[in-house]
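# Coordinates in review
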Amino acid sequence: MLVSWRYKYRNSPMDHIDPRARWIFSFAFLIAATSTWNWIFLLTYFIIALIWYRLGNTTWKETRSGWRLVLFMLFMMIVINTIITGGGAGGVVPPGGQLVWPNGFKLFGETVHFGLTIERIWFAFCQVLRILGISMNFILIPYTMDARSYGATFSSLGMPDKLAYTTELAIRFIPSLARNFSVTMDAQRARGFELDDIKGGIFNKIARMAPLIIPVTMNAILSSEDIADAMDLRGFGQGKRTWLYELRYHRWDYIVLGFSALLAIGGLVASYVFHMGDFIVPQFFYNLFA
Amino acid sequence: MVEADPLPLVVRDLSFQYRSRTEPAIVEISLELHPGEIMLLAGSSGCGKTTLLRCINGLIPHSYRGKLSGEILLYGQSNAGMKLAEISQKVGTLLQDPERQILGSYVLNEVCFGLENLGLPREEMIRRGEAALERLHILHLRDKETFGISGGEKQKVALAGVLAMQPKILLLDEPLASLDPASAHEALHLFRELADQGMAIMLVEHRVEDVLTIEPERIVYMEDGRICFHGDIQGLVQVVDYHRIKLPAQVVVERAKAEPQPNFEPAVPPLDTNNPLIEFQQVHFRYNDDAPEVLHNINLKIHAGEVIAILGHNGSGKTTLVKQALGLLKPTKGKVFLEGVETHTLTVAKAARTIGYVFQSPSQMLFAPTVKEELSFGPKNLGFDQETIARNVQWAIETVHLEDELLTPPLALSFGQQKRVSIAAVLSMRSRILMMDEPTAGQDYWNYQAFMDSILQMPGFDSIIFITHDLDLALIYANRIIVLNDGVIVADGKPVDVLQDRQKIKQWRLVATSLLELNFQMYPKTGKFLRAEALAQFMD
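For clarity, every value in this text was computed on a predicted model and none was experimentally measured.

Rules used in this analysis
- Residues numbered from 1 in each chain as written.
- Chains lettered and ligands numbered in written order.
- Predicted model: local features only at pLDDT ≥ 70, side-chain atom pairs only at ≥ 80, totals over all residues.
- Heavy atoms only, no water.
- Patch = residues over 30% accessible without salt bridge, like charges linked within 9 Å, V, L, I, M, F, W, Y side chains within 5 Å.
- Areas by Shrake-Rupley, 256 points an atom, 1.4 Å probe, with all protein chains shown as cover.
- Salt bridge = Lys/Arg side-chain N within 4 Å of Asp/Glu carboxyl O.
- Helix = DSSP H or I, 4+ residues; strand = E, 2+ residues; numbered from the N terminus.
- Buried < 20%, exposed > 50% of the residue type's maximum accessible area, 1.4 Å probe, protein only.
- Expected span 1.5 Å × (residues − 1).
- Contact = heavy atoms within 4.5 Å.
- Lys, Arg positive; Asp, Glu negative; His and termini not counted.
- Charge placed at Lys NZ, Arg CZ, Asp CG, Glu CD.
- Phe/Tyr/Trp six-rings, centres within 6.5 Å; stacked < 30°, edge-to-face > 60°.
- Axes fitted to C-alpha atoms, helices over the stretch in contact; angles between N-to-C directions.
- Parallel < 35°, antiparallel > 145°, perpendicular 65-115°, else oblique.
- Left-handed = near helix turned anticlockwise from the far one by under 90°.
- Nonpolar A, V, L, I, M, F, W, Y, C, P; charged D, E, K, R; others polar.
- Buried area = accessible area lost by both parts, 1.4 Å probe.
- Polar contact = N/O pair within 3.5 Å; in protein donor to acceptor, adjacent residues only side chain to side chain.
- Pairing = 2+ DSSP bridges.

### Observations concerning a nonpolar patch on the surface
Residues and elements named next belong to chain A. A contiguous nonpolar surface patch, about 760 Å² in accessible area, is contributed by Ile31, Ile265, Leu268, Val269, Tyr272, Val273, Phe274 and Met276. Of all the elements, helix H9 (residues 251-273) adds the most residues to the nonpolar patch, at five residues. Of the residues examined, Met276 reaches a relative accessible area of 43% and is grouped as partly exposed.

Following this line, the structure appears as structure tokens:
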């Protein structure tokens, strides 16, 4: 069965903003945040995102599974890609730069030369601001947006009806998949299967995951056929449809829409017209390593 | 001269063969359905019942391709040229599993889904949606999440979604399969009410005995895609093989008198109450801190020699209870011991050496390229040697009568066969305790009785535990019945003691069957509960 994200009405300020205005704000934020590497802009966006996030009144307990995933990805991106290999900084951070340990450092009696630069550390900080800001916008949606509103919202934003409803189903497919995965995991554990026991190389590991992957995939295919049948039997996709969920803009929504336009257009103009969005390291940060 | 109104449904010489199959699924089916009539469509799994429904509601040929011939008239008009949206306003279909039919995340959205597709104005949708909920006496569910309501309520919500479109013909595909006995009887009476209001209903169902209580006007019995019987109840009980479909116990007893008596002796060892295999001590459970408690103060000991049926209404906590024994769920408060070891200290894989647990849905676990490999998976995980694995696989496959399918991919089998493979996959682990969650759901009568007989007669299990909604299954096979009601054990004991009080049975949302009544009548002679065929030998 298709399940929904754990939405609950909290009577929070976010509950009173029209879903269309919320989606528009989140995408405007995404445009603005991805158009710059300037720390002042990113810090400003981060503060805006933090205020926006607080409007949702969610708790850490509710959202922690989503945040765990974000923090894991952030760790991989920042620590491994940017700090250790320097890969993520290419194209933004100019080559060269000021080494943090120009003479290397001692580890177990040996001198280690590690080419970490001050610029790469600052770039990692900018990445954190950008990713956390964007994540705060989108993590909030499943927990604070009524599951009934998705299709009507997308349709109202100009998506064709069929696509709008199937997008709604696709969004709900994620928690449904997680639920199916958990049931299959239990069924296979009951047959003595332990995920921790899987050893060997990457291909062996993937092959040994078959008892989990195949039933979950097959179920997803079968249930999508059932869903298609259930939709067909009630005349889906045969003509123009109406939506039960009622959307109505209020005064607050116009303020949000205006701010969204300002954010996206202002961000793009500042970055691409006035070239204010370039990556710079502030002097006070250099001073810390002096 | 006044011209008679055309009938809601006329099927003429209908045949269909799926594109991927070599044999036709249905052959030259002809029938008529009148307004206000209920037609029961019975037959074993794979006999073509669902295919016939798909032809009527237009899924064939719109969604399923193949060779179709013959004619279907809906109120005198062929459905061949109609769009699905047009058919869906004449023919409403309720699928077997409401979980697979419900699309909306909230009840009113689900009920109005079809109306949205028809492009109706919002006010009209709400009016028709609420009217449909009111008609089924579930208006109080209007703003609930569909995921959180019980199985019986889901079934009614799915039906409300169909009724909101105001069809004149209703097709019901095994609508009782996932319902507890009381919910099933409520649903049946609802169908009768709808028919009495003028709706034409075609009802596909394995639970024939239950359906007979609402006196369907016509009964069609199918085998191998053909109609073998078309008539009334009296004709059916005389003609049809009572091993194939479940008939009222009195009818079976009468007909079984002339036949050799079944020989059934369960193979579980004698009762040993000294060392409990499983013990629950003051167990409470909730799924998370915010969720309500599902199990309340469960105290229970399970011993070698017991065959236990766990009964209870939809959502009473049956599955949650048995999952505690295997350690798939851990108590929020209290302790569970498996052979004296607390499950908190055991991994599920270790517990699986003692308990074999068959899940409700086979598709959640089947993955291997062949049935043989599927059956070897569990024993391999438990570290058995090759010779033992081969022996266990052979024994398991014979128990479920699927010897010819050893090299077939399990996912290519029918649902009923997949269910038997999933049971065999657990049997091959040769655990001391076998736990089965709804082992007979979705199976036809002959198949489930055959494999339950096989399992109960196989030596090797110290105890067998099964969850069921089928009261007859419990009284035939179990020597102990546990009844759960809202997470509390409300009865625990011998079947004859637990099922004595009809008032309590009703309170627990169970329904006394004809077999139960007959067993109580015959109890002074038999001294135990027996299946209908076995009761025949005690009749004068």
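### Let's talk about helix H6 (residues 122-135) of chain B
Residue and element names in this part refer to chain B. Here H6 spans 20 Å end to end across 14 residues, near enough to the 20 Å set by a 1.5 Å rise per residue. Of all the positions in H6, only Met125, Ile126, Arg128, Gly129, Ala132 and Leu133 are classed as buried. Lining the buried residues of H6 we find helix H5 (107-117) and helix H7 (151-163). Looking one or two places after H6, you find His137, whose phi comes out positive at around 60°.

### Points about a negative patch on the surface
Residue and element names in this part refer to chain B. On the surface, a cluster of negative charge is contributed by Glu223, Asp224, Asp241 and Glu259. Checked against the element boundaries, Glu259 lands in the loop between helix H11 (249-256) and strand E11 (278-286). Among the residues examined, Glu259 registers a relative accessible area of 33% and is labelled partly exposed.

### Considering the packing of aromatic side chains
Centre distance and the angle of the planes are the two values used to describe a pair of aromatic rings. Residues and elements named next belong to chain A. Here the structure, examined in full by the defined rule, presents 35 aromatic pairs over all chains. Summarising the aromatic geometry, the rings of Trp39 and Phe284 are spaced 6.0 Å apart at their centres and angled 80° between planes, so their arrangement reads as edge-to-face. Of the two residues, Trp39 is situated in helix H2 (residues 39-54) and Phe284 in helix H10 (residues 283-288); the sequence distance between them amounts to 245 residues. On the basis of relative accessibility, which here comes to 16%, the residue Trp39 falls in the buried class. Ring geometry for Phe285 against Phe289: centres 5.2 Å apart, planes inclined by 70°, an arrangement best described as edge-to-face.

### Quick look at the packing of helix H1 (residues 19-34) of chain A against helix H4 (residues 118-144) of chain A
Residues and elements named next belong to chain A. Direction vectors running N to C along H1 and H4 enclose 165°, while the axes themselves pass 9 Å from each other. Accordingly, the angle class assigned to the pair H1 and H4 is roughly antiparallel. Relative to H4, the crossing made by H1 is left-handed. Residues Arg22, Trp23, Phe25, Ser26, Phe27, Phe29, Leu30, Ala33 and Thr34 of H1 lie in contact with H4, whose contacting residues are Arg130, Gly133, Ile134, Asn137, Phe138, Leu140, Ile141 and Thr144. In terms of residue class, the contact of H1 with H4 is made up of 10 nonpolar, five polar and two charged.

### Re the interface of chain B and chain A
Facing the 64 residues of chain B at the interface are 50 residues of chain A. In this assembly, chain B packs against chain A so that about 5200 Å² is buried in total across both faces, 55% of it on carbon and sulfur atoms. Looking at the side of chain B facing chain A, the largest losses of area belong to Arg100, Leu103 and Gln364 of chain B, adding up to 14% of the total buried there. Linking chain B with chain A are seven salt bridges. Linking Glu246 of chain A and Arg122 of chain B is a salt bridge whose minimum nitrogen-to-oxygen distance equals 3.4 Å. At the boundary of chain B with chain A, the tally comes to 20 residue pairs in polar contact (both at pLDDT 80 or more). Mapped by element, the contributors of at least two residues to the side of chain B that touches chain A are helix H3 (84-90), helix H4 (98-101), H5, H6, H7, helix H12 (318-326), helix H13 (348-351) and helix H14 (371-381) of chain B. It is H5 of chain B that contributes the most residues to the side of chain B that touches chain A, 10 residues altogether.

### Notes on the side chain of Gln17 of chain B
The topology assignment puts Gln17 of chain B in strand E1 (residues 9-18). A polar contact is formed between the side chain of Gln17 of chain B and the backbone oxygen of Thr22 of chain B, at a distance of 3.3 Å.

### Structural notes on helix H15 (residues 386-399) of chain B
Residues that lie three or four places apart on an α-helix share one face, since the helix turns once every 3.6 residues. Residue and element names in this part refer to chain B. Between the first and last C-alpha of H15 there are 20 Å, a value that for 14 residues agrees with the 20 Å anticipated at 1.5 Å per step. Those residues of H15 that fall on the buried side of the exposure criterion are Thr388, Ile389, Asn392, Val393, Trp395, Ala396, Ile397 and Thr399. In this structure, the buried residues of H15 make contact with H14, helix H16 (415-427) and helix H17 (445-457). Between the side-chain oxygen of the N-cap and the backbone nitrogen of Glu387 there are 3.1 Å, and the N-cap of H15 in question is Asp385. Positioned one or two residues after H15, His401 has a phi angle of 55°, which is positive.

### Side note on the sheet that holds strand E8 (residues 200-204) of chain B
Residue and element names in this part refer to chain B. Pairing is mixed across the open sheet formed by six strands, whose spatial order is E6-E7-E8-E3-E9-E10. A strand with exactly one partner marks an edge of an open sheet, and here the two such strands are strand E6 (91-94) and strand E10 (226-231). With strand direction ignored, the average angle separating the axes of adjacent strands in the sheet is 15°. Examined bridge by bridge, strand E9 (residues 218-223) and E10 share five bridges and lie antiparallel to one another. Looking at the pairing, Tyr221 lines up with Phe229 of E10. Sitting on the sheet, H7 touches E6 and strand E7 (169-173), and the angle it makes with E6 is about 165°.

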